[in-house]
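# Breakdown of the fold
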Amino acid sequence: MNWNNSMFYQIIPLEIGSLVERNIFQQSNKEIKCGMVWKLGSVLTNIKPLFIKTYDPKIGICIEDIPGGIISKKYGGEKVIYFSDTVEDEEQDELTDIFYQSNRKYSKSHEDVFHDLGWTQVSSETYIFGELEIKELDDAPSAYK
């Protein structure tokens, strides 16, 4: 990222839990949605955010779709996992244990274990949604100097 420009924009969701990372895994007719929900966070860019003209707070926007956008800060992350109705309860229990790493029989990350069990990761995206505030900053935040 080119931080030589003098103007930066910080995009801040005004509602708690509006910055989320979502990973989707599939296996035949079954699906897992899992990831992180951060209580607070913001996105930083050095390109004026023009998406706001067509932005729908109910849908949000993928961070990758914000030109120059990167997550600058995030606080209070909480792991979440959901299953399609086609995943049996017993399998849900095992996958939940793997995701929260409460089962000691797996030492690898949940992504690796899901893959070993035949699940395919079909997407991994970070979103911001809800009402947003955009602040203009004169300098890059000190963390990037």
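As a reminder, the structure under discussion sits directly above these lines.
The rules we used
- In this numbering scheme, every chain counts its residues from 1 along its sequence in written order.
- Per-residue local features are limited, in this predicted model, to residues with pLDDT of at least 70; the limit for side-chain atom pairs, both in listing and counting, is 80 or more; totals at the level of whole chains, interfaces and linings are taken over all residues.
- Remark: hydrogens and water are excluded; side-chain values derive from all non-hydrogen atoms of the structure.
- Criterion for a salt bridge: a side-chain nitrogen of Lys or Arg within 4 Å of a carboxyl oxygen of Asp or Glu.
- Only DSSP runs of H or I covering at least 4 residues are called helices, and only runs of E covering at least 2 are called strands; the numbering of each starts at the N terminus.
- Working definition: with a 1.4 Å probe on protein chains only, accessible area under 20% of the residue-type maximum means buried, over 50% means exposed, and in between means partly exposed.
- For patch building, the residue pool is restricted to those with more than 30% relative accessible area and no salt bridge; the joining distance is 9 Å between like charges and 5 Å between nonpolar side chains (Val, Leu, Ile, Met, Phe, Trp, Tyr).
- Only the protein chains shown count as cover for residues, and all accessible areas are computed by the Shrake-Rupley method using a 1.4 Å probe.
- Put simply, buried Ala, Val, Leu, Ile, Met, Phe, Trp, Tyr and Cys residues joined by side-chain atoms within 4.5 Å make one nonpolar core.
- By definition, residues are in contact when any of their heavy atoms lie within 4.5 Å.

### Side note on the pattern of salt bridges
Here the idea is simple: oppositely charged side chains can pair when their charged atoms come close. Summed over the entire model, instances satisfying the criterion amount to two salt bridges. The shortest N-O distance in the salt bridge between glutamate 91 and lysine 30 comes to 2.9 Å. A residue pair is termed long-range when its members are at least 10 positions apart, and glutamate 91 in helix H1 (residues 89–99) and lysine 30 in strand S3 (residues 30–45) qualify at 61 residues. The closest approach of N and O atoms between lysine 108 and aspartate 116, which form a salt bridge, is 2.3 Å. Classification of lysine 108 by relative accessible area gives partly exposed; the value is 41%.

### Focus: a nonpolar patch on the surface
On the surface, a nonpolar cluster with roughly 340 Å² of combined accessible area is contributed by Ile16, Leu40 and Tyr75. By secondary structure assignment, the location of tyrosine 75 is in strand S5 (residues 70–83). Residue tyrosine 75 is classed as partly exposed on the basis of its relative accessible area, which comes to 45%.

### What about the nonpolar core?
Within the largest apolar cluster, twelve residues are counted, these being Phe25, Ile32, Cys34, Ile81, Phe83, Val87, Leu95, Ile98, Phe99, Val113, Phe114 and Trp119. Listing elements by their share of this core, those giving two or more residues are S3, S5, H1 and helix H2 (110–116). Top contributing element to this core by residue count: H1, with three residues. Setting aside residues up to four positions removed in sequence, valine 113 forms contacts with Ile98, Tyr106 and Lys108. Core analysis: the next-biggest nonpolar cluster, separate from the first, contains eleven residues, Leu19, Trp38, Ile61 and Ile128 among them.

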